[in-house]
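Summary of the model geometry
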Amino acid sequence: MTPAELPSSDAPRPQPLPPSAVNEEIPADSAFAIRLRPLGFGDPVRWLAAGWADFRRAPLIGLFFGACFMLMGWCLLGVYEHAPIYTLALSAGFLLMGPFLCLGLYQVSRRLQQGYQPRLLDCLSAWRKRMSQIAIFGTVLLILEMIWGRAALVVFAVSFDGMPDLSGSLVKLLNPENLGFIVAYLGVGAFFAGLIYAVSVISIPMLLDRPTDAVTAGLTSLRLVLTQTGVMLFWGALITVLVVLALLPGFAGLLVVGPVLGHASWHAYRAAVED
């Protein structure tokens, strides 16, 4: 090898990648690498207080989303009066729409936390920033909803001989003769509702707030429920009780309870997941 062919000490050497480029090669958060904070039974009450504070700081936006929740309840009641068998299946679908409708409320709390004044248009379009991952997660929930709806129809079919006349009155449905049907339907509903709650209780605000994927968000939510079951069951019970109470006066309570719970769910995510 001639001297001209020898590598020169003055030749440029390969430079290490800058930290930003290295980070681009590393996948986003792993579901088992994300750290969860320990929670106490007093935390859900603090989340509700923070949700109420956010509602008071942006009441018009909150009332808009609350009106959407109330309208969903009216639609469900209208369907029951004409086709009760479909109402049992659609109720699962409406329940699944809650976390996605709350996306706008999460954005309100996020903006307030950042020191900005939230705007309705920004809240309505919050899903566009993470559209692909939110769509993937929504597809998973839709599949669960379809299974839940099919299971509800099966329970309905095996509980009655023919098509009962339940239209127009909830009293007919709650007749003691239908006790077996009520127990079976509530059991199936509790199973699917618990599963959906476990994978979505913090996943939607997490997808909005962090550059993570749908699977990671769902697994992180499931980890939180499995590792801090008592607190999360208490939080789920609070949500259930408040929603049931809000339904009693013609769904009017959802005008306030709906947005407050949406804001509180954002604070639950922020309290449970480390930055």
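Residues numbered from 1 in each chain as written. Predicted model: local features only at pLDDT ≥ 70, side-chain atom pairs only at ≥ 80, totals over all residues. Heavy atoms only, no water.

**Some details on the overall build of the protein**
If you tally the helices and strands in the protein, you get 13 helices and zero strands. Expressed as a percentage of the 275 residues in the protein, the buried residues total 43%. When the accessible surface of the protein is summed, it comes to about 15200 Å², and 69% of that surface belongs to carbon and sulfur atoms. (Helix = DSSP H or I, 4+ residues; strand = E, 2+ residues; numbered from the N terminus. Buried < 20%, exposed > 50% of the residue type's maximum accessible area, 1.4 Å probe, protein only. Areas by Shrake-Rupley, 256 points an atom, 1.4 Å probe, with all protein chains shown as cover.)

**Re the nonpolar core**
One finds Leu39, Tyr106, Val201, Leu224, Met232, Trp235 and Val273 to be the most contacted residues of the largest nonpolar core, which totals 54 residues. The element best represented in this core is helix H13 (residues 254-272), accounting for eight residues. With residues near it in sequence (within four places) discarded, Val201 still touches Ser221, Val225, Met232 and Trp235. Formed by six residues, the second largest nonpolar core is a distinct cluster that contains Ala152, Val155, Ile182 and Tyr185. (Core = buried A, V, L, I, M, F, W, Y, C linked by side-chain atoms within 4.5 Å. Contact = heavy atoms within 4.5 Å.)

**Things to note about the layout of surface pockets**
Its boundaries defined by the atoms lining it, the second largest pocket holds a volume of some 150 Å³. In terms of lining, the second largest pocket is formed by Ile136, Phe137, Val140, Leu144, Leu195, Val199, Ala214, Val215, Gly218 and Leu219. Within the residue set of the lining of the second largest pocket, elements represented by two or more residues are helix H7 (131-159), helix H9 (179-200) and helix H11 (214-227). When the residues that make up the lining of the second largest pocket are grouped by side-chain class, the tally is nine nonpolar, one polar and no charged. (1 Å grid on protein atoms, 1.4 Å probe; cavity = no way out; pocket = protein on both sides within 12 Å on 5 of 7 lines; lining within 4 Å. Points joined across faces, edges and corners; volume = space filled by probe spheres on them. Nonpolar A, V, L, I, M, F, W, Y, C, P; charged D, E, K, R; others polar.)

**Brief notes about the UniProt feature "transmembrane region" (unreviewed entry) in the protein**
Listed under "transmembrane region" (unreviewed entry) in the UniProt record, and renumbered for this structure, are residues 60-79, 85-106, 134-159, 179-208 and 229-257. For residues 179-208, the helix share is 93%, the strand share is 0%, and the end-to-end C-alpha distance is 42 Å. From the first C-alpha to the last, residues 229-257 spans 24 Å; its make-up is 79% helix and 0% strand. (UniProt positions renumbered as here; feature names shortened; annotations may be inferred.)

**Digging into the environment of Arg270**
Relative to the helices and strands, Arg270 resides in helix H13. In sequence terms Arg270 and Pro205 are 65 residues apart; their C-alpha atoms lie 8.7 Å from each other. For Arg270, the contacting residues outside a window of four places in its chain are Arg37, Gln113, Asp209 and Asp275. A polar contact of 3.3 Å, which involves the side chain of Arg270, links it to the side chain of Gln113. (Polar contact = N/O pair within 3.5 Å; in protein donor to acceptor, adjacent residues only side chain to side chain.)

**Remarks on the environment of Gly262**
Within the fold, Gly262 resides in helix H13. Under the relative-accessibility criterion, Gly262 is labelled buried at 0%. Between the C-alpha atoms of Gly262 and Leu101, which are 161 residues apart in sequence, the distance is 8.9 Å.

**What about the side chain of His263?**
Along the chain, His263 turns up in helix H13. Not counting residues within four places of it along the chain, the set of residues in contact with His263 comprises Gly51, Asp54, Phe55, Leu105, Val108 and Ser109.

**Quick look at a nonpolar patch on the surface**
Together, Trp52, Leu60, Leu63 and Val256 give the surface a local cluster of nonpolar side chains, amounting to about 390 Å² of exposed area. Secondary-structure assignment places Leu63 in helix H3 (residues 59-82). (Patch = residues over 30% accessible without salt bridge, like charges linked within 9 Å, V, L, I, M, F, W, Y side chains within 5 Å. Salt bridge = Lys/Arg side-chain N within 4 Å of Asp/Glu carboxyl O.)

**What to know about the packing of helix H12 (residues 229-247) against H13**
Two elements in contact, H12 and H13, have axes whose closest approach is 9 Å; the angle formed by their N-to-C orientations is 165°. Considering their axes alone, H12 and H13 lie roughly antiparallel with respect to each other. At the point where H12 passes H13, the crossing takes the left-handed sense. The residues of H13 that touch H12, namely those facing Trp235, Ile239, Leu242, Val243, Ala246 and Leu247, are Leu254, Val257, Leu261, Ala264, Ser265 and Ala268. A class-by-class count of the residues in the contact of H12 with H13 yields 11 nonpolar, one polar and no charged. (Axes fitted to C-alpha atoms, helices over the stretch in contact; angles between N-to-C directions. Parallel < 35°, antiparallel > 145°, perpendicular 65-115°, else oblique. Left-handed = near helix turned anticlockwise from the far one by under 90°.)

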